[in-house]
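Now for the letters of each chain:
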Amino acid sequence: MESRGRFVFRKMAAQLKQEAALLTGDRLMAAEARTEEAEASLCLTWYEIMDTIRDIRLLYGVGG
């Protein structure tokens, strides 16, 4: 899986792409940008879940 920083960058790039699409009226590009942003957000959520799991394991002393 790609690094967290890469997904943050992809999310920002998708937001910029969506703004450009709104300015030009390109609905297809706007839809692509929304999809790319959603994918990056999903992957960032996965990282947040894994961080939470790690914190809980450290808190309760559970191996894994």
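Bear in mind that the values here come from a model prediction, so they are computed numbers and not experimental data. Every chain is numbered on its own, with residues counted from 1 as its sequence reads. Local features are withheld for residues below a pLDDT of 70 in this predicted model, meaning they are given only at 70 or higher, and side-chain atom pairs are given and counted only at 80 or more; totals for whole chains, interfaces and linings count all residues. Side-chain numbers come from the whole structure's heavy atoms, not from hydrogens or water.

A. Expanded view of the packing of aromatic side chains. Ring geometry is summarised as follows: Phe, Tyr and Trp rings, the Trp one being its six-membered ring, pair when their centres sit within 6.5 Å, and such pairs are stacked at plane angles under 30 degrees, edge-to-face over 60 and tilted between the two. Going through the model one piece at a time under the given rule, you end up with two aromatic pairs. Each ring, one from Phe-7 and one from Tyr-47, has its centre 6.2 Å from the other, and the planes form 55°; the classification is tilted. One end of the pair, Phe-7, is in helix H1 (residues 4-24); the other, Tyr-47, is in helix H2 (residues 27-60), with 40 residues separating them in the sequence. Owing to a relative accessible area of 3%, Phe-7 belongs among the buried residues under this scheme. The buried category is assigned to Tyr-47, whose relative accessible area is 14%. Secondary structure counts use DSSP, requiring at least four H or I residues in a row for a helix and at least two E residues in a row for a strand, with both numbered from the N terminus. Note on exposure labels: buried denotes an accessible area under 20% of the residue type's maximum, exposed denotes more than 50%, and partly exposed covers the range between, all computed with a 1.4 Å probe on protein chains only.

B. Quick look at the pattern of salt bridges. Salt bridges are defined by distance alone: a side-chain nitrogen of Lys or Arg within 4 Å of a carboxyl oxygen of Asp or Glu. With the rule as written, the count across this model stands at six salt bridges. Taking the shortest distance from any N to any O, the salt bridge between Asp-51 and Arg-4 comes out at 2.9 Å. Placement of the pair is Asp-51 in helix H2 and Arg-4 in helix H1, with a sequence separation of 47 residues. On the accessibility criterion, Arg-4 (34% relative accessible area) is partly exposed. With a closest N to O distance of 3.1 Å, Asp-51 and Arg-54 form a salt bridge. In this pair, Asp-51 and Arg-54 are both assigned in helix H2, three residues apart and thus about one turn of the helix distant. Arg-54 sits in the partly exposed class, given a relative accessible area of 44%. Salt bridges linked by common partners bring Arg-4, Asp-51, Arg-54 and Asp-55 together as one network.

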